[in-house]
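Topology and contacts: notes
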Amino acid sequence: MSLVHQMAAAVAPWADFYNASKVAQSAVMFGHFGGMMTAGGFALAADRTTLRAAGATATERARYLGELAGAHPIVIAALTVTALSGLLMFAADLENLVVSVAFWAKMGLIGLLLGNGWLMLRAERLLQRGNPADPRGWRRLRAVALTSLVLWFAVVLAGSILPNVS
């Protein structure tokens, strides 16, 4: 028996329950979409503000860095809900998703998004610990904010394609 079949057998009780229950499917999908909407909404708003703050005064930039730090716990909590609900959906259709190119493309994009988030945190912390008005630091932060915008939309696109090709 292959590893995929063993994994599918291990999650079969969940898959049977999930696939037979419209309530479970609705609840898990709500967690997935609600988490994505919350995380993405806060992240997009923060990215937009980052782009605007890049041209602001030093005082405004310093204030903005404090506000930006407050968005991260919300984004991380919402991404956690999204990841947990995604794992539940994955477990309910493991044998199909494990071989889906669209699924792995979405996972790759999420990995890039998480890596970019780490770069964003790093750029913010460098500005907070050093000079909050440093033009080079703000160029770096602006670049990761632009990348974030692109990656959020790419993840949503991949998620939209996934049910149509699996």
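Notes on the structure in this doc start here. This is a predicted model, so every value here is computed, not measured. (Residues numbered from 1 in each chain as written. Predicted model: local features only at pLDDT ≥ 70, side-chain atom pairs only at ≥ 80, totals over all residues. Heavy atoms only, no water.)

Moving on, we get to the overall build of the protein. The helix and strand tally for the protein stands at seven helices and zero strands. Reading the protein from its N end, one meets helices and strands in the order α-α-α-α-α-α-α. In terms of overall dimensions, the protein has a C-alpha envelope of 60 × 30 × 25 Å along the principal axes. Buried residues in the protein amount to 35% of all 166 residues. Within the protein, residue pairs in contact and separated by at least 24 positions form 78% of the contacts whose partners lie at least 6 positions apart. On the protein, the mean spot of the 13 positive side-chain charges and the mean spot of the 8 negative ones are 12 Å from each other. (Helix = DSSP H or I, 4+ residues; strand = E, 2+ residues; numbered from the N terminus. Buried < 20%, exposed > 50% of the residue type's maximum accessible area, 1.4 Å probe, protein only. Contact = heavy atoms within 4.5 Å. Lys, Arg positive; Asp, Glu negative; His and termini not counted. Charge placed at Lys NZ, Arg CZ, Asp CG, Glu CD.)

Side chains of a nonpolar character, in soluble globular proteins, are inclined to be buried together. Membership of the largest hydrophobic core comes to 13 residues, with the highest contact counts inside it found for Tyr64, Leu65, Leu68, Met120, Leu127, Trp138 and Leu141. Top element by residues in this core is helix H7 (residues 135–165). It accounts for four residues. Those residues in contact with Met120 that lie beyond four places of it in its chain are Asp47, His72, Leu141, Val144, Ala145 and Ser148. Judged by nonpolar contacts, the second largest core, of nine residues, contains Ala39, Ala78, Leu113 and Val155. (Core = buried A, V, L, I, M, F, W, Y, C linked by side-chain atoms within 4.5 Å.)

Take the packing of aromatic side chains next. Applying the stated criterion to the full structure yields five aromatic pairs. Measuring from ring centre to ring centre gives 4.8 Å for Phe103 and Trp104, while their planes differ by 80°; the resulting arrangement is edge-to-face. We classify Phe103 as buried; its relative accessible area is 9%. Members of the aromatic cluster, each reached through a chain of ring pairs, are Trp14, Phe17 and Tyr18. (Phe/Tyr/Trp six-rings, centres within 6.5 Å; stacked < 30°, edge-to-face > 60°.)

Below, the discussion takes up a nonpolar patch on the surface. Residues Leu157, Ile161 and Val165 make up a contiguous nonpolar surface patch of roughly 270 Å² in combined accessible area. Positionally, Ile161 belongs in helix H7. (Patch = residues over 30% accessible without salt bridge, like charges linked within 9 Å, V, L, I, M, F, W, Y side chains within 5 Å. Areas by Shrake-Rupley, 256 points an atom, 1.4 Å probe, with all protein chains shown as cover. Salt bridge = Lys/Arg side-chain N within 4 Å of Asp/Glu carboxyl O.)

Considering all chains together, one arrives at one salt bridge under this definition. With a shortest N-O distance of 2.5 Å, Glu67 and Arg63 are connected by a salt bridge. In this pair, Glu67 and Arg63 are both assigned in helix H4 (residues 58–92), four residues apart and thus about one turn of the helix distant. On the basis of relative accessibility, which here comes to 45%, the residue Glu67 falls in the partly exposed class.

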